[in-house]
Amino acid sequence: MEDNQYGSKINKHALRITDLTAGYGEDSPVLQGISLSLEKGQILCMVGESGSGKTSVIRAITGWENLQVREGSIEVWENDISHLSFKERRKLLGRTIGYIPQNPAGSFNPIRKYEPQIREMLASHDIRYVRSEVEEAFARMGLDSPASLLGSRPYELSGGMNQRIVIAAVMLLEPSILLCDEPTSALDVMTANLVKDEFLRLNKEHGTSILMVTHNLGLANIMADSIAIMKRGRIVESGDTEKVMCNPTDDYTKSLIGDIFNL
Amino acid sequence: MKQSEDTKFLITNIFRKIAETILLLIILSLLVFALMYIAPGDPAEKRLTSQGTAITKEVLEAERARLGLMRPFLVRYGEWLFGIIRGDFGISFKDDMPVAPKLAAGLHKTLILSSASLILSLLVSYPLAIWSAFRKGRVSDHIVRVLSFIGNSMPNFLISVLLMYVLCIQLRLFPVIADGSPASLILPVLSLSIPMSGRFIRQMRSEFIDQLNEDYVTGMRMRGVKERYVAVNIIRNSLGHILTIVGLQVGTLMGGSVVIETIFRWPGLGKLVMDSINSRDYPVIMGFVIIMGTIYIVINQLTDVSYHVLDPRV
Amino acid sequence: MQIYIAAAFVFLLLAAVILAGKIAPNDPYRTNATLIRLAPCREYPFGTDNLGRCVFSRVLFGGRTTIAATFFLVAISFGIGTFIGILCGFYGGIFDRIFMRIADIFLSFPQMVVAIAVAGILGGGMAGAMVALGITMWVAFARLARSHTISIRNEPYIMTSILAGKGGVYIMFRHILPNILAPVLTNALTQIGTTMIGLSGLSFLGLGVIPPTAEWGSMISEGRAYIQIAPWTVLFPALATIVTITLFNYLGDAVMEYRNV
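Some remarks on the sheet that holds strand β2 (residues 31-39) of chain A
By way of backbone hydrogen bonds, the strands of a sheet pair with one another, either parallel or antiparallel.
All names here are of chain A.
Here comes step 1: As summarised here, the arrangement of the four strands in space is β2-β1-β4-β5, forming an open sheet in which the pairing is antiparallel. Only two strands of the sheet have a single partner each, and these edge strands are β2 and β5 (79-80).
Here comes step 2: Relative to β2, strand β1 (residues 13-24) runs antiparallel, the two sharing six bridges. Bridging from a neighbouring strand, R16 pairs with S37 of β2.
Here comes step 3: Packed on one face of the sheet, helix α2 (residues 54-62) meets β1, β2 and β4 (67-76) and runs near 105° to β1.

As structure tokens, this is what we get:
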């Protein structure tokens, strides 16, 4: 049903942001003149150091934390959502837009078991709860004994464990657009690889369009179809991954690329 | 493994609580007994005054000997305490009758009045607090806040007098004096419930708002989880705090019931103690503090334990 | 802004009560057998009570009793509680543990029940009522002062003072007290309404002021018997109580909100 309005197969642009300026209350804008577009079935990585505004781009899309759009537009499947309130935008969250926050470990109720919480999440989107499917999704994230994990409470598990469960849960909703904010930053290398593979699988098998925020240009280089480099609330360089990595025009981009090899 | 460790921890915790409760009850009884000591005049004198007997030196001496006042403090305290444990609260100064049956009858009436008020307050304030928290900053939230603020600012004796004036005298809806019938419960219950609801709404609303600001709520909303499930989670997680809030308000309710029972002549413990204060009938006053204090201590130790059960993190 | 409005009203109220002697049209204690239960008129704006005393004057003077007793009680509890709290927080150790156990014990008893029994047994008028409420009131101040003291105890400027060999008393008064004063004072402000409710409740029960002293709680209690024929003897002191408690609670909330922002 939602697919008629958002995410219909004819639309080419999953997400298109045009000349976006946004800020909190009366403060000076945290985002200035942002333009980017995420094509259907593609992966776009936004790279920048902390404070560069990459997380704010995601907040502008989800409408979270009173980040107000002052100019420009945000189109999701070619429908402008920039004027919608957070409440109205929430109808998109989950299925049309999936979101994996920077520190997902706390994003489930810490003192309730995972199973009823995942059940409630699925019920909110009229998806039937099939336990074996949920366990499969857990297993794909490299989680052993998913059955016992479903019966445990977040506070009993480690941060990395919770992070993987949350990512698995968000993916159960098979969002047509996935926003991730540093999804692997708190994970060890092995697990980070698993998560990366799962994103790639979702992208290949379901054609999920992914907007990923990261400070790790190396990771972006492996995953992304295109890259946008952010600095101080502006995009300084963007384009196909190959073009940005091989022929950077901006000095900042050049220094970032240099860092990968120095490390 | 984790499960059994938790259970073990819980059981030791419960035993610690029981020991703590017993200690608190002993301290309470000591303080109450000591209160008799700081009161002006000794029990023999008080007893005679209470009965209106003319005090002469001989009468006083005889009375002292009869009551065993010459024995040391601790012996008398022990005797009194073991009497209470056996359900013997002593003999009334006023009419030489055992105090326990009077206290029991009063307690029964007080429990009816207090529990009715508590239940009514909870029925009103719990849903209003949730509703108000979810609508924070909207007009309906402001209305609820203003009403709870006013309720919180009204002493219960004042509410009861105003209710009496409006409902009994101006509108002639109720009898002025409680006669024990269910209808006569309405005014006392309202008088106790209005200020209590005001306090409940304020405290519960802020607890629910704290919960709404938790990370997990943002997480749920970002996954598009429906608000009614958000509410389920908030209700679940706030239970521990809410129980604590209710437990603490029981103390205020006890004080309030003394005032309200006196005003409406409701034959509960509160009215009994006020009559006893006026006639200096100390055993009844002591019994009153012991009973109320014990109930309050036990309730709050229970809410404390259930807080740990409900939120296993702490 | 809210604070200024509330403070202005509180100021007006205090002025009216302090200047009661000048404003009051009549002597609040002069009884007059010929003017019993007179309805409000020009000479007696709030009417007269069962003994022919001017209700308006008694409300003014009664406010003086209620407000002064409340302020005094809050101030004393604030002083004792803050002092103990700072000592506990600054020195810690066995002293701290003993006092915090005592505080826990006091919090375990129902305040109003204890107050009624103590005031009833002491039977000492308003002073007895204040002692009865005060024995549990200091605890909240002590806990608050203690936790704020602990949170600043390891700040560099206090460490410097300790290293400079300054005495404990000097540090506590010179450095700690000024820094924890704001939150503890805010708490004192929010306690005023509750204390007033407690004190006038005890007076209403006859455990507070001794007649004929004017006090709102006892005035309401006295007038209650004649509420059918002379409602003004109850309604005016009632109104005064509501307005006063609401004002102080409002001011307390406003200051609290301002400090949280």
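Next, the rest of the story.
Details of the sheet that holds strand β3 (residues 43-47) of chain A
All names here are of chain A.
Here comes step 1: Read from one edge of the open sheet, six strands run β6-β7-β8-β3-β9-β10, paired in mixed fashion. What marks the edges here is a single partner per strand, and that holds for β6 (97-100) and β10 (234-240). The mean inter-strand angle of the sheet, taken between neighbouring strand axes irrespective of direction, is 15°.
Here comes step 2: As paired elements, strand β9 (residues 226-231) and β10 share six bridges and run antiparallel to each other.

Focus: the pattern of salt bridges
Residue and element names in this part refer to chain B.
Here comes step 1: Enumeration over the complete set of coordinates arrives at 20 salt bridges over all chains.
Here comes step 2: Note that E20 and K17 form a salt bridge whose closest N and O atoms lie 3.4 Å from each other. Of this pair, E20 and K17 both sit in helix α1 (residues 2-38), separated by three residues, roughly a single helical turn.
Here comes step 3: Overall, the relative accessible area of 22% leaves E20 in the partly exposed class.
Here comes step 4: Across the pair R205 and D141 runs a salt bridge, and its minimum N-O distance is 2.9 Å. One end of the pair, R205, is in helix α8 (residues 182-212); the other, D141, is in helix α6 (residues 139-152), and 64 residues separate them in sequence.

Examining the interface of chain C and chain B
Here comes step 1: Between chain C and chain B, the residue contacts involve 38 residues of the former and 40 residues of the latter.
Here comes step 2: Summing both partners gives a buried area of about 3500 Å² for chain C against chain B, and 81% of it is carried by carbon and sulfur.
Here comes step 3: Among the ionic pairs, D253 of chain C bridges to R202 of chain B, the shortest N-O distance being 3.1 Å.
Here comes step 4: At the surface where chain C touches chain B, the tally comes to two residue pairs in polar contact (both at pLDDT 80 or more).
Here comes step 5: At the level of secondary structure, the elements contributing two or more residues to the side of chain C that touches chain B comprise α4 (93-107), α5 (111-122), α8 (168-204), α9 (216-223) and α10 (232-260) of chain C.

Details of the interface of chain A and chain B
Here comes step 1: Facing 27 residues of chain A, the contacting portion of chain B comprises 24 residues.
Here comes step 2: A combined buried area of about 2300 Å² lies between chain A and chain B, and 57% of that area is made up of carbon and sulfur atoms.
Here comes step 3: When residues of chain A are sorted by the area they lose upon contact with chain B, R90, I111 and Y155 of chain A head the list and together hold 27% of the total.
Here comes step 4: Run the count over chain A and chain B and you get zero salt bridges.
Here comes step 5: For the side of chain A that touches chain B, the secondary structure elements donating two or more residues are α3 (86-89), α4 (114-124) and α7 (159-172) of chain A.

A look at the environment of D253 of chain C
Here comes step 1: With respect to the helices, strands and loops of the structure, D253 of chain C is situated in helix α10.
Here comes step 2: When its relative accessible area of 24% is taken as the criterion, D253 of chain C is described as partly exposed.
Here comes step 3: When the C-alpha atoms of D253 of chain C and N187 of chain C are compared, they prove to be 10.0 Å apart, with 66 residues separating the residues in sequence.
Here comes step 4: Once residues within four sequence positions are removed from consideration, D253 of chain C is found in contact with F149 and R202 of chain B.

The rules behind these values
Residues numbered from 1 in each chain as written. Chains lettered and ligands numbered in written order. Predicted model: local features only at pLDDT ≥ 70, side-chain atom pairs only at ≥ 80, totals over all residues. Heavy atoms only, no water. Pairing = 2+ DSSP bridges. Helix = DSSP H or I, 4+ residues; strand = E, 2+ residues; numbered from the N terminus. Contact = heavy atoms within 4.5 Å. Axes fitted to C-alpha atoms, helices over the stretch in contact; angles between N-to-C directions. Salt bridge = Lys/Arg side-chain N within 4 Å of Asp/Glu carboxyl O. Buried < 20%, exposed > 50% of the residue type's maximum accessible area, 1.4 Å probe, protein only. Buried area = accessible area lost by both parts, 1.4 Å probe. Polar contact = N/O pair within 3.5 Å; in protein donor to acceptor, adjacent residues only side chain to side chain.

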